[in-house]
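# Survey of secondary and tertiary structure
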Amino acid sequence: MASHIGRRKFLATLGGAAAWPLVASAQDRTVPLIGFLNSASPSPFARLVDAFRQGLREGGYVEGRNVRIEYRWAEGQFARLPELAADLVHRRVSLIVAAGGTVSARAAKEATATIPVLFIVGPNPIGDGLVTSLNRPGGNATGVALYTSDLLPKRLELLEKLLPRAARIAVLVNPSDAAHELETKYVEDAMRVTGQQMVLLKASAEKDFEPALVSAVQQRADALLVSANPFFTQRRVQLVALAARHAIPAGYPWREYTDSGGLMSYGPRIAGAYHLIGRYASRILNGEKPTDLPVQGPTSYELVINLKTAKTLGLEVPATLLAVADEVIE
């Protein structure tokens, strides 16, 4: 009798153990799953992902507790984005965060017309066909537009204040990014007014950086403007080091460059955009629709100057420029 009861308990225990994976699987299906798609690499964007998670937490969602996140990084290989986006759709994610530029947003939009897509883009999202209106986006996408291309003339103006005699300005763009044509046009239009000459540099891979900077020196460029392309942001340490090696004063789109030793940056806080997307993600998980969430734009811009780098380049930063800087790194 005792052995019969023992055998019954053993079989019951086995049955319970066999059910554990089924219970865990059922729990996974009840926890919302976010797909995170980015054109860059995880390490250089770690601080920005933290800002996204903070936005999620403020909306009541904590990764690993009541929300799961599947990350897909293209590592700068934009051609991989459609496949990565399709994989997230296949996994039936609750929404897709498409960060790292317009290329990510387009890949996500082309992969699904029903799953909500939250984007962070530089140029105008209406012009890129991502939304039909900023206030009422329509369709399945909304997010943050940083209008980085529009800021190139302002960054050119700031470089001119720092280097009033600069006649030839090199502009580094990524030809694999559709935004590069618009960026080039903005700079050309601005230089028609200032009378400066543009030296166009193109780089779509890290191996292109050194030849591009060498070309700038050979063409006697007085300064450099770097596009807000996400691949460049990912490789900002290398770009800043090359600009220093070739002694080229450079203006950058994000403070992450000046934090890495770059001379000067002007633009919105990109971490703020990731934080806002986290808040939007929590609202969508709570049942709101992308079409009811307006596309947000920057609320403030920051000028950061690295005086240590200026001194290394032998530059005297005008007091008028220092006075309007939001931060001076000494």
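Structure report, in brief. (Residues numbered from 1 in each chain as written. Predicted model: local features only at pLDDT ≥ 70, side-chain atom pairs only at ≥ 80, totals over all residues. Heavy atoms only, no water.)

### Examining the side chain of Gln-234
- On the secondary structure map, Gln-234 appears in helix H8 (residues 230-234).
- A distance of 2.7 Å separates the side chain of Gln-234 from the side chain of Ser-41, its partner in a polar contact.
- Those residues in contact with Gln-234 that sit more than four places away from it in its chain are Ser-39, Ala-40, Ser-41, Pro-44, Phe-45, Glu-75 and Gly-76. (Helix = DSSP H or I, 4+ residues; strand = E, 2+ residues; numbered from the N terminus. Polar contact = N/O pair within 3.5 Å; in protein donor to acceptor, adjacent residues only side chain to side chain. Contact = heavy atoms within 4.5 Å.)

### Looking at unusual backbone geometry
- Unusually for a residue other than glycine, Tyr-147 sits at a positive phi of about 50°.
- The topology assignment puts Tyr-147 in the loop between strand E5 (141-145) and helix H5 (152-162).
- Not every positive phi belongs to a glycine, and Ala-247 is a case in point at roughly 55°.
- Of note, Ala-247 is situated in the loop between helix H9 (236-245) and strand E9 (250-252).

### A word on the environment of Leu-293
- Mapped onto the fold, Leu-293 is located in the loop between helix H11 (270-285) and strand E11 (301-306).
- When neighbours within four sequence positions are excluded, Leu-293 is seen to be in contact with Pro-137, Thr-142, Tyr-280, Arg-283, Ile-284 and Glu-288.

### Points about empty space enclosed by the protein
- In total, this model carries two cavities of 30 Å³ or more according to the counting rule given.
- Its boundaries defined by the atoms lining it, the largest cavity holds a volume of some 210 Å³.
- Around the largest cavity sit 21 residues that line it, and Gly-101, Gly-122, Ala-228, Pro-230 and Trp-254 are the ones nearest its centre.
- If you list the elements that add at least two residues to the lining of the largest cavity, you get strand E4 (117-121), helix H6 (179-194), H8 and H11. (1 Å grid on protein atoms, 1.4 Å probe; cavity = no way out; pocket = protein on both sides within 12 Å on 5 of 7 lines; lining within 4 Å. Points joined across faces, edges and corners; volume = space filled by probe spheres on them.)

### What to know about the sheet that holds E11
- The strand order E7-E6-E8-E9-E10-E11-E12 describes an open sheet built from seven strands, whose pairing is mixed. Taken across any chain shown, the strands that pair with only one partner, and hence form the sheet edges, are strand E7 (197-202) and strand E12 (327-329). The sheet shows a mean angle of 20° between the axes of neighbouring strands, taken without regard to direction.
- Where strand E8 (residues 223-226) and E9 come together, two bridges link them in parallel fashion. Note on E9: the bridge partner recorded for Leu-224 is Ala-250.
- Lying over the sheet, H5 contacts strand E6 (168-173), E8, E9, strand E10 (264-268) and E11, oriented at roughly 155° with respect to E8. (Pairing = 2+ DSSP bridges. Axes fitted to C-alpha atoms, helices over the stretch in contact; angles between N-to-C directions.)

### Observations regarding the packing of H5 against H6
- For the pair H5 and H6, interaxial distance at closest approach is 9 Å and the crossing angle is 45°. Relative to H6, the element H5 lies oblique. With respect to the hand of their crossing, H5 and H6 are arranged in right-handed fashion. Here Leu-152, Pro-153, Leu-156 and Glu-160 of H5 lie close against H6, whose contacting residues are Glu-183, Tyr-186, Val-187, Ala-190, Met-191 and Thr-194.
- Its residues assigned to classes, the contact of H5 with H6 comprises seven nonpolar, one polar and two charged. (Parallel < 35°, antiparallel > 145°, perpendicular 65-115°, else oblique. Left-handed = near helix turned anticlockwise from the far one by under 90°. Nonpolar A, V, L, I, M, F, W, Y, C, P; charged D, E, K, R; others polar.)

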